[in-house]
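Spelled out, the chains give:
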Amino acid sequence: MHELLHGIDFHGYHLPKGLLLIPNMYHVYHDKKIWGDPENFRPERFLNEDESRVIRSDSLVAFQPGKRQCLGEPLAKDVLFLYVAKIFQNLHAFPDPGNPKPNFDYDDGIVLIANPYRVVMKSRY
Ligand code: HEM
C-alpha cells in the first residue's frame, strides 16, 4: 500500500494527494493479455523454450517493482525454493480420492483465501 504525496492525473483519472493505493494482484495475475490462459496451471509458461531456464517477467509482481520493492526477495525465494523442493524431494502428492479436487473457488477478504482441500502425501522412499 502506498500513499500519494501529491495529486496526479493518471489515464484520465485525477488521483488526489493522500490517496491510498493498493495494487490489484488478482487483476495482474488473471490478465489474459499477459498470460493468455491464466486459469490453467501451466508452470512451464515461466520457462524458456527448451525449459532449461526461468524467464524473468516484469509481470510477476508479488514483491512489487520500483523504489520500495521488497528487500528480502532473494532470501524469500531461496527459502521458498528449499522448503518446497524438500517436501517434493521426499513426498509424492495426490488428490484425495474421497474428497473433491482443489479448484479456483475462494473466500473473499482483504486477501483471497483458497477453499480447503485435501491431498494425500506418500513417502517416495
Ligand atoms: C514471500 C515472501 C515475501 C513477499 C511476497 C514480500 C513482499 C513484499 C512487498 C509486496 C513489499 C512492499 C513493496 C512496496 O511497498 O512497493 C515488501 C517490502 C519489504 N520487504 Fe518483503 N516480502 C517477502 C519477504 C521478505 C523477507 C524475507 C524480508 C527480509 C528478510 C523482506 C523485507 C522487506 C523490506 C525491508 C521491505 C520494505 C522495502 C522498502 O520499503 O524500501 N521481505 N515485501
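Per an unreviewed UniProt entry, the recorded name for the protein chain is Farnesoate epoxidase, and the organism is Orchesella dallaii.

Below, the discussion takes up the coordination of the iron atom of the ligand. Geometrically, a metal with four donors at the corners of a regular tetrahedron has ideal angles of 109.5 degrees, and one with six donors at the corners of a regular octahedron has ideal angles of 90 or 180 degrees. No other protein atom reaches the iron atom of the ligand as a donor apart from Cys70 (SG), found 2.2 Å away. Inspection of the secondary structure assignment puts Cys70 in the loop between helix H2 (32-35) and helix H3 (73-90).

A separate point is the packing of aromatic side chains. This model, assessed by the stated rule, comprises three aromatic pairs. Relative to Trp35, the ring of Tyr29 has its centre 6.3 Å away and its plane inclined at 35°; by these criteria the two rings are tilted. Residue Trp35 is classed as buried on the basis of its relative accessible area, which comes to 12%. For the cation-ring pair, Lys122 lies above Phe94, with the distance from its terminal atom to the ring centre recorded as 5.4 Å.

Right, let's get into the site of the ligand. Taken together, the neighbourhood of the ligand is formed by His2, Ala62, Phe63, Gln64, Arg68, Gln69, Cys70, Leu71, Gly72, Leu75, Ala76 and Leu80. Here an oxygen atom of the ligand sits 2.8 Å away from a polar atom, N or O, in the side chain of His2. A distance of 2.8 Å separates an oxygen atom of the ligand from a polar atom in the side chain of Arg68. The biggest single contributor to the shell around the ligand is H3, with three residues.

This next bit is on the domain arrangement of the protein chain. For the protein chain, the assigned domains read domain 1 (1-69) and domain 2 (71-125). Here domain 1 and domain 2 have C-alpha centroids that lie 23 Å from each other. Listed per partner, the contact involves five residues of domain 1 and seven residues of domain 2. In this assembly, domain 1 packs against domain 2 so that about 540 Å² is buried in total across both faces, 61% of it on carbon and sulfur atoms. Across the contact surface, domain 1 and domain 2 share zero salt bridges. At the boundary of domain 1 and domain 2, one finds one residue pair in polar contact (both at pLDDT 80 or more).

Let's shift gears to the side chain of Glu73. Considering the arrangement of structural elements, one finds Glu73 in helix H3. For Glu73, a relative accessible area of 13% corresponds to the buried category. Among the polar contacts made by the side chain of Glu73, one reaches the side chain of Lys77 at a distance of 2.7 Å. Once you skip the residues sitting within four places of it in the chain, Glu73 turns out to touch Arg56 and Phe63.

A separate point is the pattern of salt bridges. Using the criterion set out here, one finds five salt bridges in the structure. A salt bridge links Asp37 to Arg42, with the nearest nitrogen and oxygen atoms 2.8 Å apart. One salt-bridge network, held together by shared partners, links Asp37, Arg42 and Arg45.

Conventions and cut-offs
Residues numbered from 1 in each chain as written. Predicted model: local features only at pLDDT ≥ 70, side-chain atom pairs only at ≥ 80, totals over all residues. Heavy atoms only, no water. Donors = N, O, S within 2.8 Å, 3.2 Å for Na, K, Ca; no water. Helix = DSSP H or I, 4+ residues; strand = E, 2+ residues; numbered from the N terminus. Phe/Tyr/Trp six-rings, centres within 6.5 Å; stacked < 30°, edge-to-face > 60°. Buried < 20%, exposed > 50% of the residue type's maximum accessible area, 1.4 Å probe, protein only. Lys NZ or Arg CZ within 6 Å of the ring centre and 35° of its normal. Near = heavy atom within 4 Å. Polar contact = N/O pair within 3.5 Å; in protein donor to acceptor, adjacent residues only side chain to side chain. Domains from an automatic or database assignment. Contact = heavy atoms within 4.5 Å. Buried area = accessible area lost by both parts, 1.4 Å probe. Salt bridge = Lys/Arg side-chain N within 4 Å of Asp/Glu carboxyl O.

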